[in-house]
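Report on the structure
These are the residues of each chain, in order.
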Amino acid sequence: MKQLFKDENAKKNPMGEDTKYSRAIRVPQYEPSKEKPKLEAVYDLQKYSKLMAKIKKSNVSEDEKKFLQFAASRHIVFNYSKIADYYAHASAEMQELMEESALVILDMDDAIANGYVALSEKMKQLIEEEKERDKNAREAKDILKKQRELMEKKSKSEKSPSEKKQKREEFEKVAEAVEGEEDE
Amino acid sequence: MNYAVFICTHGRPYTQTTWKVLRDCGYTGDIILMIDDEDDSGKDYVDVAHQDEKLSLHIFSKELYMLANDSGTDKPIRNTHLYAWNACENIARMDGYEYAIIVDDDLTGFRYRYEEEGHLKSQPITKNFDKLFEAHLDYMENSNISALSVADARNYIGGQAKYGRNMNTMVFRKVKDVIEWKSEMYEEMVTSLVAQQTGSFIFQPTFFQYETKTMSKNVKGGMEEIYNSKSVFNRSAYVVMWHPSCVSFDANNTGFKLRKDNAFPKLISSSCKKI
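These remarks concern the structure in this document. Just so it is clear, the structure is predicted and the values come from calculations on it, not from any experiment.

As a further point, take the overall build of chain A. Counting its secondary structure elements, chain A contains six helices and four strands. Burial analysis of chain A (184 residues in total) assigns 28% to the buried set. Contacts in chain A between residues at least 24 apart in sequence constitute 54% of all its contacts with a sequence separation of at least 6. For chain A, the accessible area works out to roughly 12800 Å², and carbon and sulfur atoms hold 52% of it.

Another aspect to go through is the sheet that holds strand β2 (residues 31-36) of chain B. Sheet strands pair via backbone hydrogen bonds, and the direction of the pair is either parallel or antiparallel. All names here are of chain B. The seven strands lie next to each other as β3-β2-β1-β4-β8-β7-β9, forming an open sheet whose pairing is mixed. Taken across any chain shown, the strands that pair with only one partner, and hence form the sheet edges, are β3 (55-60) and β9 (202-203). As defined by bridge partners, strand β1 (residues 3-8) adjoins strand β4 (residues 99-104) across six bridges and the pair is classed as parallel. The residue bridging Cys8 from the neighbouring strand is Asp104, located in β4. Across the sheet, helix α5 (residues 129-141) lies against β1, β4, β7 (147-149), β8 (170-174) and β9, angled at about 45 degrees from β8, the strand it touches most.

Residue and element names in this part refer to chain A. For the pair helix α3 (residues 80-89) and helix α4 (residues 92-100), interaxial distance at closest approach is 8 Å and the crossing angle is 145 degrees. Listed contacts from α4 to Ile83, Tyr86, Tyr87 and Ala88 of α3 are Met94, Gln95, Met98 and Glu99. For the contact of α3 with α4, the residue count by class is six nonpolar, one polar and one charged.

Another point: the side chain of Asp85 of chain A. Residues and elements named next belong to chain A. Here Asp85 lies in helix α3. Here Ser33 takes part through its backbone nitrogen, which lies 2.8 Å from a polar atom of the side chain of Asp85. Setting aside residues no more than four positions away along its own chain, Asp85 makes contact with Tyr30, Pro32, Ser33, Glu35 and Pro37.

Listed per partner, the contact involves 57 residues of chain B and 57 residues of chain A. Both faces combined, the contact of chain B with chain A buries some 5100 Å², and carbon together with sulfur accounts for 60% of it. Joining chain B to chain A, the criterion identifies five salt bridges. The shortest N-O distance in the salt bridge between Lys131 of chain B and Glu129 of chain A comes to 3.9 Å. Linking chain B with chain A are 22 residue pairs in polar contact (both at pLDDT 80 or more). Those elements that provide at least two residues to the side of chain B that touches chain A are β5 (107-116), β6 (119-124), α5, α6 (187-197), α8 (232-242) and β13 (266-269) of chain B.

Here three strands make up an open sheet; going across it, the order is β1(A)-β13(B)-β4(A) and the pairing parallel. At either end of the open sheet lies a strand with only one pairing partner, and these are β1 (29-30) and β4 (104-107) of chain A. Inspection of the sheet shows β4 of chain A paired to β13 of chain B by four bridges, in the parallel sense. Counterpart to Ile105 of chain A in the pairing with β13 of chain B is Leu267 of chain B.

Residues and elements named next belong to chain B. Every buried residue of helix α2 (residues 42-49) is accounted for by Gly42, Tyr45, Val48 and Ala49. For α2, the angular spread of buried residues about the axis comes to 105 degrees, placing them on one side. Those residues of α2 that are buried lie in contact with α1 (18-24), β2 and β3.

Let us now look at α6 of chain B. Burial within α6 of chain B is extensive, with nine of its 11 residues counted as buried. Glu187, Glu188, Met189, Val190, Thr191, Ser192, Leu193, Ala195 and Gln196 of chain B are the residues of α6 of chain B that are buried. Those residues of α6 of chain B that are buried are in contact with β4 of chain A together with α4 (81-94), β9, α8, β11 (247-252) and β12 (255-260) of chain B. Immediately beyond the C-terminal end of α6 of chain B, within one or two residues, lies Gly199 of chain B, with a positive phi of roughly 115 degrees.

This next bit is on the pattern of salt bridges. For the structure on display, the rule yields 23 salt bridges over all chains. Note that Lys124 of chain A is salt-bridged to Glu121 of chain A, the shortest N-O span being 3.8 Å. Note that Lys124 of chain A and Glu121 of chain A are positioned in helix α5 (residues 111-157) at a spacing of three residues, about one turn of the helix. Look at the salt bridges and you will find they share partners, linking Glu128 and Lys131 of chain A together with Glu116 and Lys121 of chain B into a network.

Take empty space enclosed by the protein next. Residue and element names in this part refer to chain B. One pass over the full model with this rule turns up one cavity of 30 Å³ or more. Put simply, the largest cavity is a space of about 40 Å³. Lining the largest cavity we find His136, Ser149, Val150, Phe172, Pro205, Thr206, Phe207 and Phe208. A per-class count over the lining of the largest cavity returns five nonpolar, three polar and no charged.

Quick look at the nonpolar core now. Residues and elements named next belong to chain B. Within the largest apolar cluster, 49 residues are counted, with the highest numbers of intra-cluster contacts made by Phe110, Phe129, Phe133 and Phe208. The residues touching Phe133, leaving out its near neighbours within four places in the chain, are Tyr3, Val5, Leu22, Tyr27, Ile101, Met170 and Phe172. Formed by 27 residues, the second largest nonpolar core is a distinct cluster that contains Cys8, Met66, Leu82 and Ile102.

Attention now goes to the state of the cysteines. Residues and elements named next belong to chain B. Counting across every chain of the model gives zero disulfides over all chains. Here Cys8 stays unpaired: no disulfide links it, and the sulfur of Cys88, its closest cysteine neighbor, is 3.5 Å away. Owing to a relative accessible area of 5%, Cys8 belongs among the buried residues under this scheme. Among the cysteines around Cys25, which has no disulfide bond, Cys8 carries the closest sulfur, lying 19 Å off. When its relative accessible area of 5% is taken as the criterion, Cys25 is described as buried.

Parameters at a glance
Each chain has its residues counted from 1, running along the sequence as written. For naming, the first written chain is A and the first written ligand is 1, with later ones following in the order written. This being a predicted model, a pLDDT of at least 70 is required before a residue's local features are given, and a value of 80 or more before pairs of side-chain atoms are given or counted; all residues contribute to the totals for chains, interfaces and linings. Working from all heavy atoms in the structure, the side-chain values ignore hydrogens and water. By the criteria applied, helices consist of DSSP H or I runs no shorter than four residues and strands consist of E runs no shorter than two, each listed in order from the N terminus. Burial here depends on accessible area, computed with a 1.4 Å probe over protein chains only, as a share of the maximum for the residue type. Under 20% is buried, over 50% is exposed, and the range in between is partly exposed. We call two residues in contact when some of their heavy atoms are within 4.5 Å. Here the Shrake-Rupley method, with its probe set to 1.4 Å, supplies the accessible areas, and only the displayed protein chains count as covering residues. Strands are treated as partners if at least two bridges between them are detected by DSSP. A fitted line through C-alpha atoms represents every axis, and for helices the fit uses only the stretch in contact; the resulting angles, taken between N-to-C directions, go from 0 to 180 degrees. Amino acids outside the nonpolar list (Ala, Val, Leu, Ile, Met, Phe, Trp, Tyr, Cys, Pro) and the charged list (Asp, Glu, Lys, Arg) are all regarded as polar, and Gly is one of them. Pairs of N or O atoms within 3.5 Å make up the polar contacts considered here, provided that, within protein, one atom can donate a hydrogen while the other can accept it, and that residues adjacent in sequence are counted only when both atoms are side-chain atoms. Take the accessible area each of two parts loses on contact, using a 1.4 Å probe, and add the two losses: that sum is the buried area. Basic side-chain nitrogens of Lys or Arg form a salt bridge, by our definition, when they fall within 4 Å of a carboxyl oxygen of Asp or Glu. Each direction from the helix axis to a C-beta atom contributes to the arc, which is the arc of those directions. A pocket, in this scheme, is an open set of points on a 1 Å grid over the protein atoms alone with protein on both sides within 12 Å along at least 5 of 7 lines, while a cavity is a set where a 1.4 Å probe fits but cannot get out; residues line either one if an atom lies within 4 Å of a point. Grid points are joined across faces, edges and corners, and a volume is the space filled by probe spheres set on the points. What we call a nonpolar core is a set of buried Ala, Val, Leu, Ile, Met, Phe, Trp, Tyr and Cys residues that are connected through their side-chain atoms within 4.5 Å. The disulfide criterion used throughout: a pair of cysteine sulfur atoms within 2.5 Å.

Structure follows, in structure tokens:
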């Protein structure tokens, strides 16, 4: 699974990429290459080798050298894409050892990739519910606004101030009740 | 599903916003305010905790966590997130929660992010947070994900919602997958790297985002003072120190930026595994 909600009609820019927004979320599952990389290509020893050469030439004690050599391994750069490529073509025993060393993370039975689709469906549903609620609330407010305007027009034409006040209070009660329901 | 929200807070009994925002969004479950025993406003937090039946307060010993946790320096600072995050993990485990949602105290809102007619749109969340939480926790329950983090607005820049592999201000944690938070600065990044290079899987889906307020000088507490007292270079150096093979500084016109390359082991389908 490469993309969710892929918009097939999206416009392309000169590089052939979508210019329109499309929710091109990739489930973070790496697809190993069909080619097995050379083992030397999965790590980079440049900095490590420089450090090791310096340590060896140095005048520090043997124990200190040993410690520094361990520490130098922190500078070995692992190329995790190539490591995953290598894993896909390695023997069962090698794969086992690579997993133990956390050089790749296995998505057991594709639970992460498939679960993501299920999560995305649930989220779509929640978003729709929220949009519907928002729409209803806005409509209710519009109706209320129109009623208030009508009421004001009407109350201007009425004669008795006490009658006006009573009508006004009755309307405000109804408005409050409607607004209260929306807040809940 | 047995879970609770843990809010890491300090010195903001009445100005921390996360608790109320969670309730406004429809979250009805347990919330635990995590404060340390060096917080002068402890009594005020007790007062706050009485305002909500499902809100409780937990006070942890900072000294104890300072002794146990790796700050990455020989002169650790006291006001860092690190100890509170580890305390949340431990308390969640001890209280028997299967999942902990750990979050900062300065969130002001949440929004769904979705695609509609080729545009990235947003919709404020006003209800259903229980369902939203449970959907995410179900996803974790049925897979080997150790943590899911929540994106912020920056993750949606550039026309595509990008997933990430870092933890940040709001994290869903599977408690049984032990993760020890490390480093007094940029602990989210350092810990995400350490955890994933040793076998955990952390992922940031992009269905909703949190919002935070811009801190003003009048709002005290939190990490603001520390961030202001250390330069970006100084703070970033922690991450480089922990992970020299995959993190480096990138200098640009405005200063330094951290660059990560080859940082995370890849997630691959178990169908690649030979039997």
